[in-house]
Each structure stands twice: as C-alpha cells, then as structure tokens.
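The primary structure of each chain is shown beneath.
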Amino acid sequence: MADRSILVVDDEVDIGILLSDGLMQRGWKVDVALDARRALELVHERLYDAAILDFALPDMNGIMLHRQIRALDAELGARTLFTSGRGQSDDNLAYFGNSGLGFLAKPFNLAEVVGALERLWGG
C-alpha cells in the first residue's frame, strides 16, 4: 500500500500542501491540482488510486468534476473522497448521499483523511 497514488483537487494552497506532505510521509505519491481543468489534465496523463475533491472549485463544482472523472476512469470515480468547508447545498448533499463515497468536512486532520482513504480501498 506504500505505492498508492492520490490526486488532491483543492483551490486552497494550504490544504494541498497539508495533504501532499502528510500523505507523502506515508509513502504515497500525491499530485495537487488547484482547479478542475488541471485535475482533468492529470487524470488524462496518470492513473490514480484515489482522488480527494473539494466541492467548491473556482472553475467547476466538485459534482461536475467528479462526473467527468468518472467518465474518464470509472474506478477512480468510485474511489473519490469529497471535502468541503462550507455549508452544502441540497444538490451537493443529494449527490454525495447517492454516491456512496466518503466525505470530510473542513477542518479535518490527516488521520481522518487516511482513514477515509483506507475505507475507500476496503482496508
């Protein structure tokens, strides 16, 4: 499990650094995208074991991004963890509830993220 590859998509630079540093200390490879456009470029270029997506991005909301990721890589779409620091709209809550995927409210700690990722992987 030390060679896991994670895509982090969050427009908050500090969150990207926190997750990148913490997950890399576990031996995992991490790419950080600050917007959906870059995230989709990375999904086209690489295979990931999981994605961590913020619901609120500057160029596309997390639901739209997740749908596009799922169309490109169904397995990655099924191994996605959503995060958000804001109150959720009914649409976001409905999508999340129907997806069966993980969700972490900000602020979160690294142990919560690791635990949520391991649950996505069935560990």
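What this report covers is the structure whose coordinates are included nearby.

Things to note about the sheet that holds strand E4 (residues 80-84)
- Spatially, E2-E1-E3-E4-E5 is the arrangement adopted by the 5 strands of the open sheet, whose pairing is parallel. Because the sheet does not close on itself, it has two edges, and the strands there are strand E2 (29-33) and strand E5 (102-105). The average angle at which neighbouring strand axes cross in this sheet is 20 degrees, direction not considered.
- Both strand E1 (residues 5-9) and E2 contribute to a ladder of 5 bridges, which runs parallel.

Considerations on the packing of aromatic side chains
- For the coordinates displayed, the defined rule picks out 3 aromatic pairs.
- Centroid distance Trp28 to Trp121: 5.2 Å. Interplanar angle 90 degrees. Geometry classified as edge-to-face. One end of the pair, Trp28, is in the loop between helix H1 (13-25) and E2; the other, Trp121, is in the segment after helix H6 (110-120), with 93 residues separating them in the sequence. Judged on exposure class, the residue Trp28 and its partner Trp121 are both buried.

Thresholds, definitions, all that
- Residues numbered from 1 in each chain as written.
- Predicted model: local features only at pLDDT ≥ 70, side-chain atom pairs only at ≥ 80, totals over all residues.
- Heavy atoms only, no water.
- Pairing = 2+ DSSP bridges.
- Helix = DSSP H or I, 4+ residues; strand = E, 2+ residues; numbered from the N terminus.
- Axes fitted to C-alpha atoms, helices over the stretch in contact; angles between N-to-C directions.
- Phe/Tyr/Trp six-rings, centres within 6.5 Å; stacked < 30°, edge-to-face > 60°.
- Buried < 20%, exposed > 50% of the residue type's maximum accessible area, 1.4 Å probe, protein only.

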